[in-house]
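Breakdown of the fold
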Amino acid sequence: MMKLNTDLLIDIDQFNFLSLSDEENEQVLEYVNTHISQAKGTPTQEQWSSAWGDIGECESPTYYKPRFSFGDYGVYRYRQKFVKYKYDKKIESVFHDMLLEKIQNKYLTDIDCVVEFGCGTGHNLKKIRERNPEISVFGSDWAGSSQEILNKNNIPSWNFDMTSKQGSLPSEVFEHQDVCFLTVGSLEQVGSNWGNFLNFMLDVRPKRSIHIEPIVEFYDSKNEVDKLAIQYHIKRGYLNGFFNGVSELDELKFYQRIPFGNTYNEGFNIIVMEYQ
């Protein structure tokens, strides 16, 4: 297996996070443990359809917000520690957009078509198209309300269940030569049922696929903060086994842990695969 790339794609040290006092750290540990004990599994298809319908059109992922705070400070994960950040309570959303731009500049300059699976409101595709109007974008999701939003934004869309064996692509996608598949926090929701989607990618063989996801295998169980993330990840039923499943494939070209996240977990890790 190729080695983990530790030269971070994005500079996470630019945000000047503040350390917690011992007392604050204990409060966060207690809060997270309590939250994990009460956490439920991943949302159903009906719940996602309702959620996207409520959010409607958005310019950036509005579901990012501080999970725990001390007054004006939101609490986040940073390099396997809990930290606080005062300057922008939407720092996760800002970070998301910065990372997506970095990925576009590094991995999408030779791509003429991006297909995002589990795209929700399509905010990632809108950002990609704004930065490069020449690129074609397609979005899929298993929630009907997602397609309604995409259609309003002139993004071709179709219903796609990532856990199904019956996955297909619109014929228009095959008119493009250099296609990239994209997932951003959507594989997270399939738990251990990622096999059909991996086989789908291996069968279709786009030029590249990029996955920005929480990867449980990247945590260190000997670290107290990481151990809580593992417990939370498992309790929520998030993506499990995918990295181990692709780690021995020749298609795996790059992977990286981005050691930043919300109070509970890290969702910005990167896996890049190439099929041609």
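If you're wondering where the values come from, they're calculated on a predicted model, not measured in any experiment.

As a further point, take the packing of helix H3 (residues 91-107) against helix H4 (residues 123-131). Axis angle and axis distance: for two packed helices, these are the angle between their axes and the distance between the axes, and together they describe the pair. Direction vectors running N to C along H3 and H4 enclose 50°, while the axes themselves pass 11 Å from each other. The angle between H3 and H4 places the two elements in the oblique class. The element H3 and its partner H4 pack so that their crossing is right-handed. Contacts from His-96, Asp-97, Leu-100, Glu-101 and Gln-104 in H3 reach His-123, Asn-124, Lys-127, Ile-128 and Arg-131 in H4. Residue composition of the contact of H3 with H4, by class: two nonpolar, four polar and four charged.

Once that is clear, we can look at the environment of Thr-163. Looking at the secondary structure, you find Thr-163 in the loop between strand S7 (157-159) and strand S8 (179-184). Under the relative-accessibility criterion, Thr-163 is labelled partly exposed at 29%. The sequence separation of Thr-163 and Phe-197 amounts to 34 residues, and the corresponding C-alpha distance is 6.3 Å. Not counting residues up to four positions away in its chain, the partners in contact with Thr-163 are Val-190, Asn-193 and Asn-196.

Another aspect to go through is H4. Within the sequence span of H4, burial applies to His-123, Asn-124, Leu-125, Lys-126, Lys-127 and Ile-128. On its buried face, H4 sits against H3, strand S5 (113-117), strand S6 (136-141) and S8.

The next subject is the packing of aromatic side chains. Under the defined criterion, the tally for this structure stands at 28 aromatic pairs. Ring centres 6.3 Å apart and planes at 80° place the aromatic pair Trp-158 and Phe-160 in the edge-to-face group. Take Trp-158 and Phe-160: they sit in the same class, and that class is buried. Ring pairing ties together the aromatic residues Phe-15, Phe-17, Tyr-76, Tyr-78, Tyr-85, Phe-95, Phe-260 and Phe-268, which thus form one cluster. Residue placement shows Lys-106 over the ring face of Tyr-107; its charged tip is 5.5 Å from the ring centre.

We now examine the pattern of salt bridges. All told, the structure shown has nine salt bridges when counted by the stated rule. Two residues, Arg-205 and Glu-251, come together in a salt bridge whose shortest N-O distance is 3.0 Å. Of this pair, Arg-205 sits in the loop between helix H6 (195-204) and strand S9 (208-213) while Glu-251 is found in the loop between helix H8 (242-246) and strand S10 (252-256), placing the two residues 46 residues apart along the sequence. Accessibility expressed as a relative area gives 13% for Glu-251, which makes it buried. For Arg-257, the salt bridge identified is with Asp-226, shortest N-O distance 2.8 Å. Here Arg-257, found in the loop between S10 and strand S11 (260-261), pairs with Asp-226, found in helix H7 (residues 224-236); they are 31 residues apart in sequence, far enough to count as distant. For the pair shown, Arg-257 and Asp-226 are each scored as buried.

If you look at the biggest cluster of nonpolar residues, it comprises 36 residues, and the most contacted ones within it are Phe-95, Leu-99, Val-114 and Ile-210. Counting only elements with at least two residues in this core, the list comes to strand S3 (73-78), strand S4 (81-85), H3, H4, S8, S9 and strand S12 (269-274). A total of six residues in this core trace back to one element, the largest contributor, which is H3. The contact partners of Ile-210, leaving out residues within four places of it in the chain, are Ile-103, Tyr-107, Leu-108, Cys-180, Phe-181, Leu-182, Thr-183, Ile-271 and Val-272. Grouped together as the second largest cluster of nonpolar side chains are 29 residues, Phe-117, Val-179, Phe-243 and Val-246 included.

This part covers unusual backbone geometry. You will see that Asn-154, though not glycine, has its phi angle at about 55°, which is positive. By secondary structure assignment, the location of Asn-154 is in the loop between helix H5 (144-152) and S7. Take Asn-154: its relative accessible area is 64%, and that puts it in the exposed class. The residue Arg-205 is not glycine, and still its phi comes out positive at about 55°. Residue classification places Arg-205 among the partly exposed positions, given a relative accessible area of 31%.

With that settled, consider the side chain of Arg-257. We classify Arg-257 as buried; its relative accessible area is 13%. At 3.1 Å, the side chain of Arg-257 forms a polar contact with the backbone oxygen of Phe-218. Here the side chain of Arg-257 touches Glu-266 through a polar contact of 2.8 Å, side chain to side chain.

With that settled, the discussion passes to a negative patch on the surface. A cluster of acidic side chains, namely Asp-22, Glu-26, Glu-30 and Glu-224, defines a negative patch on the protein surface. When residues of the negative patch are assigned to their parent elements, the largest contribution, three residues, is made by helix H1 (residues 22-38). On the secondary structure map, Glu-30 appears in helix H1.

The rules behind the values
- Residues numbered from 1 in each chain as written.
- Predicted model: local features only at pLDDT ≥ 70, side-chain atom pairs only at ≥ 80, totals over all residues.
- Heavy atoms only, no water.
- Axes fitted to C-alpha atoms, helices over the stretch in contact; angles between N-to-C directions.
- Helix = DSSP H or I, 4+ residues; strand = E, 2+ residues; numbered from the N terminus.
- Parallel < 35°, antiparallel > 145°, perpendicular 65-115°, else oblique.
- Left-handed = near helix turned anticlockwise from the far one by under 90°.
- Contact = heavy atoms within 4.5 Å.
- Nonpolar A, V, L, I, M, F, W, Y, C, P; charged D, E, K, R; others polar.
- Buried < 20%, exposed > 50% of the residue type's maximum accessible area, 1.4 Å probe, protein only.
- Phe/Tyr/Trp six-rings, centres within 6.5 Å; stacked < 30°, edge-to-face > 60°.
- Lys NZ or Arg CZ within 6 Å of the ring centre and 35° of its normal.
- Salt bridge = Lys/Arg side-chain N within 4 Å of Asp/Glu carboxyl O.
- Core = buried A, V, L, I, M, F, W, Y, C linked by side-chain atoms within 4.5 Å.
- Polar contact = N/O pair within 3.5 Å; in protein donor to acceptor, adjacent residues only side chain to side chain.
- Patch = residues over 30% accessible without salt bridge, like charges linked within 9 Å, V, L, I, M, F, W, Y side chains within 5 Å.
- Areas by Shrake-Rupley, 256 points an atom, 1.4 Å probe, with all protein chains shown as cover.
- Lys, Arg positive; Asp, Glu negative; His and termini not counted.
- Charge placed at Lys NZ, Arg CZ, Asp CG, Glu CD.

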